[in-house]
Amino acid sequence: MKIIVDNSQFRDWASPVRNPIFPERFTKPGCKAYFDLVAGRENFGWNGIGGELYHAYAPLESTEWQIGEAAAYTDHFARWRCAVFAPDDIYWSHRVVPVVYAFTGIGSDYYDNSLYLWSVVKELDCIFVTFDTHLTGIRVLTENKEPNNDHFAESIHIMEQHQCDMRDDVFREFVEELSFNVQQIQDMIRQRFCYPSIPPCLMLGFSLGGFYASQLARIVPNCIGCVGGGASPEIMQYKGGFDIPRIIPNPIILGARMVMPQKMQPFASFVQGLKKITRTPFTGAAIGGVYTPFRFIVGKKDPIVNYKDVQKTDGCHFGFMEVFPIDDVGHTPANEWGLNELGSEMINQLRFCLDLWRRFKG
């Protein structure tokens, strides 16, 4: 089965703070996204829940990788995996339920989001979606697309070679493309489940994925909430390893990378790129309105994100924003047994966003 999404349908979408919502280069006539169903519920599933695996081909014109060798990025970044898990009855009842999009941290695979899957589908009665973000999974710049964490660092190196390394405008381009990818998936889901219109959605993310979630929630129409764990809506508030490139000269960082364990290479490569990232890609009120709930859950022992810094964020830029510090917890939302206190609170706040929407809708 192939589902085709016509990008031009989103050309005239507007909001109170942005008109049009999406860059016009994404919505030119003839631009389309193609979703090929490569595995169905009978042979694809995570944690005992059957789903559907799609391979997407969704090329988007860029302002940052259109010249020289970097022009090949368009095709590399256009190919990604998308996993969709729906409550069992949706396939025949076509009952409209919200869609939860999950994003994970630096160098992680989209499968790592499976720790939220049971809660989202079985407990909260939502469709769960996760897909490859830039430099992860098969959405990498290497010719070998077999998923491998080493490809993250290799892609960063390729960017450096092509003089298109991580910097403000490249990071902004990532966020713009991801927001449009969500909108494309939203329309794919509308078609797949025979919905009369594009369903509401929520963003859920951890670490860098929580930052992405907060950015996309401010852009994507019909977004009814955002939950970030170990995350901040401001990229400059990420500390710990993120501070290294801001403080230490590049030659020292390069030397340290040479002796680092292999598993640390992707993180080291990315934080070196962060030296040139000095601002959050987007500012302004959430498109969903000032009452869109933004919830950030941060462990008090988190070495990357300090909950006090997040609490200082100007809430008027993020709708209805609140920060929840969690005692005796570090950066991650899980332990060897499953969700920890931070992860559980992420699900609780996701439930809060859903309940708020359902009360308003009712």
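To start, this report covers the structure provided alongside it. (Residues numbered from 1 in each chain as written. Predicted model: local features only at pLDDT ≥ 70, side-chain atom pairs only at ≥ 80, totals over all residues. Heavy atoms only, no water.)

### A look at the overall build of the protein
Point 1. For the protein, the count of helices and strands is 11 helices and 14 strands.
Point 2. Per-residue burial for the protein yields a buried fraction of 57% across its 362 residues.
Point 3. Taking contacts inside the protein between residues at least 6 apart in sequence as the whole, the part at least 24 apart equals 73%.
Point 4. By element, 53% of the accessible surface of the protein is carried by carbon and sulfur atoms, the whole surface being about 14,700 Å². (Helix = DSSP H or I, 4+ residues; strand = E, 2+ residues; numbered from the N terminus. Buried < 20%, exposed > 50% of the residue type's maximum accessible area, 1.4 Å probe, protein only. Contact = heavy atoms within 4.5 Å. Areas by Shrake-Rupley, 256 points an atom, 1.4 Å probe, with all protein chains shown as cover.)

### Looking at the packing of helix α5 (residues 168–192) against helix α6 (residues 208–217)
Point 1. Orientation of α5 relative to α6, taken along the N-to-C sense of each, is 65 degrees, at an axis distance of 10 Å. With respect to their mutual orientation, α5 and α6 come out roughly perpendicular. Here α5 and α6 pass one another in a crossing that is right-handed. Contact residues: α5 offers F171, F174, V175, L178, S179 and V182, while α6 offers L208, F211, Y212, Q215 and L216.
Point 2. Residues of the contact of α5 with α6, tallied by class, amount to nine nonpolar, two polar and no charged. (Axes fitted to C-alpha atoms, helices over the stretch in contact; angles between N-to-C directions. Parallel < 35°, antiparallel > 145°, perpendicular 65-115°, else oblique. Left-handed = near helix turned anticlockwise from the far one by under 90°. Nonpolar A, V, L, I, M, F, W, Y, C, P; charged D, E, K, R; others polar.)

### Points about the side chain of D309
Point 1. Assignment of secondary structure puts D309 in helix α10 (residues 307–311).
Point 2. In this structure D309 is buried but unpaired, with K312 as the nearest side chain of opposite charge at 4.3 Å.
Point 3. Those residues in contact with D309 that sit more than four places away from it in its chain are Q237 and K239. (Lys, Arg positive; Asp, Glu negative; His and termini not counted. Salt bridge = Lys/Arg side-chain N within 4 Å of Asp/Glu carboxyl O.)

### What about the sheet that holds strand β10 (residues 223–229)?
Point 1. Strand order across the open sheet formed by 10 strands is β1-β2-β5-β6-β8-β7-β9-β10-β11-β12, with mixed pairing between neighbours. The open sheet has two edge strands with one neighbour each: β1 (2–6) and β12 (320–326). Geometrically, the sheet is characterised by an average inter-axis angle of 20 degrees between neighbouring strands, direction not taken into account.
Point 2. Note that β1 and strand β2 (residues 32–39) share five bridges and pair antiparallel. Paired with I3 across the two strands is F35, which belongs to β2.
Point 3. Sitting on the sheet, α5 is in contact with β1, β2, β5 (52–57), β6 (79–85), β7 (99–103), β8 (127–131) and β9 (201–206), with an inclination near 125 degrees to β1.
Point 4. Against the sheet, α6 makes contact with β7, β9, β10 and β11 (293–299), and its axis sits at roughly 155 degrees relative to β9, the strand it touches most. (Pairing = 2+ DSSP bridges.)

### What to know about the packing of aromatic side chains
Point 1. In this structure the tally under the stated criterion is 26 aromatic pairs.
Point 2. Centre to centre, the rings of F26 and F180 are 5.3 Å apart; their planes meet at 45 degrees, and the pair counts as tilted. With F26 in the loop between β1 and β2 and F180 in helix α5, this residue pair connects regions lying 154 residues apart in the sequence.
Point 3. Each ring, one from F103 and one from F131, has its centre 5.7 Å from the other, and the planes form 80 degrees; the classification is edge-to-face. One end of the pair, F103, is in strand β7; the other, F131, is in strand β8, with 28 residues separating them in the sequence. One exposure class covers both F103 and F131, and it is buried.
Point 4. Every member of this aromatic cluster is reached through a ring pair, and the members are F44, W46, F85, Y110, Y111 and F128.
Point 5. The ring of W118 carries K122 above its face, with NZ or CZ at 5.7 Å from the centroid.
Point 6. Sitting above the plane of the F320 ring, R295 keeps its charged end 5.0 Å from the centroid. (Phe/Tyr/Trp six-rings, centres within 6.5 Å; stacked < 30°, edge-to-face > 60°. Lys NZ or Arg CZ within 6 Å of the ring centre and 35° of its normal.)

### Topic: the nonpolar core
Point 1. Y101 and M203 are the most contacted members of the largest nonpolar core, which has 78 residues in total.
Point 2. Per-element tally for this core: the top contributor is α5, with 10 residues.
Point 3. If sequence neighbours within four positions are ignored, Y101 has contacts with V129, F131, V182, I185, Q186, I189, C201, L202, M203 and L204.
Point 4. L53, V120, L202 and L350 belong to the second-largest nonpolar core, a separate cluster that totals 33 residues. (Core = buried A, V, L, I, M, F, W, Y, C linked by side-chain atoms within 4.5 Å.)

### As for α6
Point 1. Summarising burial for α6: 10 of the 10 residues are buried, a large majority.
Point 2. For α6, every residue scored as buried is listed here: L208, G209, G210, F211, Y212, A213, S214, Q215, L216 and A217.

### Considerations on the pattern of salt bridges
Point 1. Counting across every chain of the model gives 28 salt bridges.
Point 2. Ionic pairing is found between R81 and D109, a salt bridge with its closest N-O pair at 2.7 Å. Of this pair, R81 sits in strand β6 while D109 sits in the loop between β7 and α3 (117–123), placing them 28 residues apart in sequence.
Point 3. Note that K122 and D88 form a salt bridge whose closest N and O atoms lie 3.8 Å from each other. Of this pair, K122 sits in helix α3 while D88 sits in the loop between β6 and α2 (90–93); the two residues are 34 residues apart in sequence, bridging distant segments of the chain.
Point 4. You can call D88 partly exposed: its relative accessible area is 38%.
Point 5. Each member of the salt-bridge network shares a partner with another, and the members are R25, E64, D165, R167, D168, D169, R172, E173, E176, K276 and R279.

### What about unusual backbone geometry?
Trans peptide bonds make up most of the peptide bonds, and negative phi angles are found at most residues other than glycine.
Point 1. A positive phi is found at Q163, a non-glycine position, where the angle reads about 55 degrees.
Point 2. Not every positive phi belongs to a glycine, and N222 is a case in point at roughly 65 degrees.
Point 3. Here N222 lies in the loop between α6 and β10.
Point 4. Classification of N222 as partly exposed rests on a relative accessible area of 37%.

In short, the description is geometric, and any link to function would need to be established separately.
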